[in-house]
Amino acid sequence: MTPISAFFRVQVLVNIHEYQAKQLLSKYGVPTPLGGACSTARRAKTIAEKLFAQGQKRIIVKSQIHAGGRGKGFFTNGLRGGVQICQTAEDVYDKAKMMLGQTLVTRQTGPEGRRVSRLLVEGASDIKQEFYLAVLLDRISFKPMVMVSTAGGMDIEEVAQKHPEKIIKELVDPGMGLMPYQARKLAAALGFSGDMIQSASKLFQGVYQTWWNHDATLLEINPLCLVEQPDGRFSLAVDAKMSFDSNALYRHPEILAMRDYAEESPLEREASKHGLNYIKLDGNIACMVNGAGLAMATMDIIQHYGGHPANFLDVGGSAKQEQVSTALKIILSDPNVEGILVNIFGGIMQCDIIAKGILAAAKEQQVNVPVVVRLSGSNAELGKQLVNESGMKFIGADNLSDAAEKIVMAVMRKNGSLTPSNSEKL
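Calculation notes
Residues numbered from 1 in each chain as written. Predicted model: local features only at pLDDT ≥ 70, side-chain atom pairs only at ≥ 80, totals over all residues. Heavy atoms only, no water. Helix = DSSP H or I, 4+ residues; strand = E, 2+ residues; numbered from the N terminus. Buried < 20%, exposed > 50% of the residue type's maximum accessible area, 1.4 Å probe, protein only. Contact = heavy atoms within 4.5 Å. Areas by Shrake-Rupley, 256 points an atom, 1.4 Å probe, with all protein chains shown as cover. Lys, Arg positive; Asp, Glu negative; His and termini not counted. Charge placed at Lys NZ, Arg CZ, Asp CG, Glu CD. Pairing = 2+ DSSP bridges. Arc of directions from axis to C-beta. Salt bridge = Lys/Arg side-chain N within 4 Å of Asp/Glu carboxyl O. Expected span 1.5 Å × (residues − 1). Polar contact = N/O pair within 3.5 Å; in protein donor to acceptor, adjacent residues only side chain to side chain.

**Student:** Teacher, can you tell me more about the overall build of the protein chain here?
**Tutor:** When you go through the protein chain residue by residue, the secondary structure sums to 14 helices and 20 strands. The burial tally for the protein chain puts 50% of its 426 residues in the buried class. Of all intrachain contacts in the protein chain linking residues separated by at least 6 positions in sequence, the fraction that spans at least 24 positions is 70%. Per element, the accessible surface of the protein chain, about 20,200 Å² overall, is 50% carbon and sulfur. One finds the centroid of the 46 positive side-chain charges in the protein chain at a distance of 4 Å from the centroid of its 43 negative side-chain charges.

**Student:** Help me understand the sheet that holds strand 4 (residues 74-75), please; the structure alone is not making it clear to me.
**Tutor:** Whether parallel or antiparallel, the strands of a sheet pair through hydrogen bonds between backbone atoms. The 3 strands lie next to each other as 4-6-7, forming an open sheet whose pairing is antiparallel. Of all strands in the sheet, those bounded by a partner on one side alone are strand 4 and strand 7 (114-115). Sheet topology places strand 6 (residues 103-105) next to strand 7; 2 bridges connect them, and they run antiparallel. Following the sheet pairing, Thr103 is matched in strand 7 by Arg115.

**Student:** Is there a simple way to think about helix 5 (residues 180-189) in this case?
**Tutor:** In an α-helix, one turn spans 3.6 residues, which is why side chains three or four residues apart end up on the same side. Considered for burial, the residues of helix 5 that qualify are Gln182, Ala183, Leu186 and Ala187. For helix 5, the angular spread of buried residues about the axis comes to 140°, placing them on one side. Exposed side of helix 5, more than 90 degrees from the buried face: Tyr181 and Lys185 are the residues found there. Taken together, the buried residues of helix 5 touch strand 10 (143-149), strand 11 (167-171) and helix 6 (195-213). In the stretch just after helix 5, Gly191 is the one whose phi turns positive, near 95°.

**Student:** Please explain the pattern of salt bridges as it appears in this structure.
**Tutor:** According to the stated counting rule, one finds 16 salt bridges in the structure shown. Glu381 is the partner of Lys384 in a salt bridge, and the nearest nitrogen-oxygen pair spans 3.8 Å. Residue Lys384 and its partner Glu381 are located together in helix 12 (residues 380-388), separated by 3 residues, close to a single helical turn. Each of Glu18, Lys22, Lys62, Arg70, Glu122 and Asp239 takes part in a single network of salt bridges with overlapping partners.

**Student:** Is there a simple way to think about helix 11 (residues 351-364) in this case?
**Tutor:** Here helix 11 is 14 residues long and its end C-alpha atoms lie 20 Å apart, about the 20 Å a rise of 1.5 Å per residue gives. All buried positions along helix 11 are accounted for by Cys351, Asp352, Ile354, Ala355, Gly357, Ile358, Leu359, Ala361 and Ala362. Looking at the buried residues of helix 11, the elements they touch are helix 10 (321-332), strand 18 (339-346), strand 19 (371-377) and helix 12.

**Student:** What is the right way to look at the side chain of Asp245 in this model?
**Tutor:** With respect to the helices and strands, Asp245 occurs in strand 14 (residues 241-245). Of the buried charged residues, Asp245 lacks a salt bridge, with Arg139 as the closest side chain of opposite charge at 6.8 Å. A polar contact of 2.9 Å, which involves the side chain of Asp245, links it to the backbone nitrogen of Asn247.

Below, the structure is given as C-alpha cells:
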C-alpha cells in the first residue's frame, strides 16, 4: 500500500484566480488576452462593448473559481459550462447574469460545487496551435523545472501516463535562472524556428521570472496558444494557474492581498486564523499531531490498519492550550469525522498542555465519536493522569501502532463494519 506521505504535500498551498495570475504575468512582459475581471453583469457588458469596439469578433466569459474543468462543468440553475463564448455584448450580459452568484459544479469541485462571484471577460483569439507550459519545483533535484509539451489543452497527468515522450523538461540552476540558451532549447523542442525561437524564448523567461520572483510553487499555462496574428505572437488564451506556499506569503503582501478566502475550506480558513496547519482530507479518522513528519507518519499508519485519515493537522511544537482546544473544535466540526487519534510526542510541547486543551474543548461541546489519545515524552505521565481522571471516555494507547489499531477498530465497531474477518487482520 502506498503511504500517504509519498504523495502528500506538507505545505499549505494558496491559489489565486486566473485573472490575478495574468496580471502578474503581464508585469513580466508575457502577453495576455485583452479583457478584465468583473463581479456584475453590467460591468461584464461594458468590458465586452469595449472589446468589440477594439475589433474583437467573439468574447469569452470565464467563471473564476479555484477548480479545473470549468468548461465542462455545469451550473445548478441549468446553464451548461462555466466558460461561455458570446457573439454580442447583450449575450455577455445575459450569460453573466446566469453565472454570477450561481453554483458551478466541475470534476474538481465535487457535487457541492463552488459559488461564482467573479468573471473574466476576454477577447476570444483565433488559435493556431496550443501548447503546455509550466514552471514548478522538481522535488528530486530540488531545482526549478520548466516543462513544455505540444499537447496543450490536455490533462498533463494523462499525457505523462500515455505519451511521456511529449513532455520536455529543463532543470534550472536557481543561482543563474532560466538561461537564454535553455529557453531557446525549449522553443526548438516545440518545433519553432527562425524569429519564433526568440519570441518564444522571451516568453518562457518572463514566465519563469513571474514564478521565481513570487515564490510560487506552480505556474501552469494550459494551453499556451499561438494566435492567428501577422507577427505570430503568443497569447495566454485559455488559462493561467498559480499556487503558492503559504509559508512564503509574508514576503509577498501583494499575493496575500489576492487570497480569496471564500474559495478555501471553511475549516482550513478557521485553522489558519489560530496558527494551525490543517488540511481537510476525504477520510473519517481525524488526526491531531504536533509536527509535520509525525503527522504524516500518523496518517500512514492509520491507512496501514485499514483506516482513512480525515485531515492533516499539525498543532506545532509550541502550541498553547487555547490552540489545542480550537484544533479539537475544528476536527469535531467536520461531519465526516467518526473517530479521532491524538498523537503527541512531547518535546518543546508538554503533554499535559495537550491534555488540558483536549479536555477543555470536550467540556464545551459534546464528543460523540471515539477518541484515542497517545502521549509520549515531556510530562506524558501527567497528561495521561489528567485524561484518565477526567471521567471522559477517552481510549489510552501505549504507542503509535497501538493507537492506530485501536482507533480503526473503534470506528469500525461504531459504524458496524467490524467483522470477524477484518477484526483478525487488525
